[in-house]
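Summary of structural features
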Amino acid sequence: IELNFQGEREQIPFEKAEGRVCYDGVGLYPPGVPVILPGERIDSQKLDFLRSRLKLTFGLENGMVNVVK
C-alpha cells in the first residue's frame with residue numbers, strides 16, 4: 001500500500017518511529033494486511049507487535065520506515 005501525501009517523506013529507523021505518522025503501509029506477510037495504515041500515527045503497541053515479527057514485515061527497508069516529514 002502506498003499513499004501519495006501532499007507532504008514529503010523521510011526514512012527513519014523503525015525503532016524511533018513512535019509518535020510519527022506512517023507514510024506507507026506496514027504489516028505482515030502472510031496474510032499481507034497492514035498493521036499500520038498510511039496516515040496513521042505509529043504507537044508503541046504496534047511497534048512491539050511488529051518488532052517480534054520483523055522477518056515477516058513488509059513496508060520496512062533495512063530497518064527503516066517511511067514517515068511524513
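Residues numbered from 1 in each chain as written. Predicted model: local features only at pLDDT ≥ 70, side-chain atom pairs only at ≥ 80, totals over all residues. Heavy atoms only, no water.

Let us look at the side chain of N66. With respect to the helices, strands and loops of the structure, N66 is situated in strand β6 (residues 64-68). On the basis of relative accessibility, which here comes to 12%, the residue N66 falls in the buried class. Polar side-chain contacts of N66 include one of 2.6 Å to the side chain of D24. Non-local contacts of N66, meaning those with residues more than four positions away in its chain, are made with R9, E10, Q11, C22, Y23 and D24. (Helix = DSSP H or I, 4+ residues; strand = E, 2+ residues; numbered from the N terminus. Buried < 20%, exposed > 50% of the residue type's maximum accessible area, 1.4 Å probe, protein only. Polar contact = N/O pair within 3.5 Å; in protein donor to acceptor, adjacent residues only side chain to side chain. Contact = heavy atoms within 4.5 Å.)

To continue, consider the environment of G7. Tracing the backbone through its elements, the reader meets G7 in the segment before β1 (9-13). With 62 residues separating them along the chain, G7 and K69 place their C-alpha atoms 7.0 Å apart.

What follows covers the side chain of T57. Structurally, the position occupied by T57 is in strand β4 (residues 57-58). Separated by 3.0 Å, the side chain of T57 and the backbone oxygen of R53 make a polar contact. Contact partners of T57, with chain neighbours within four places excluded, come to V26, G27, L28 and L50.

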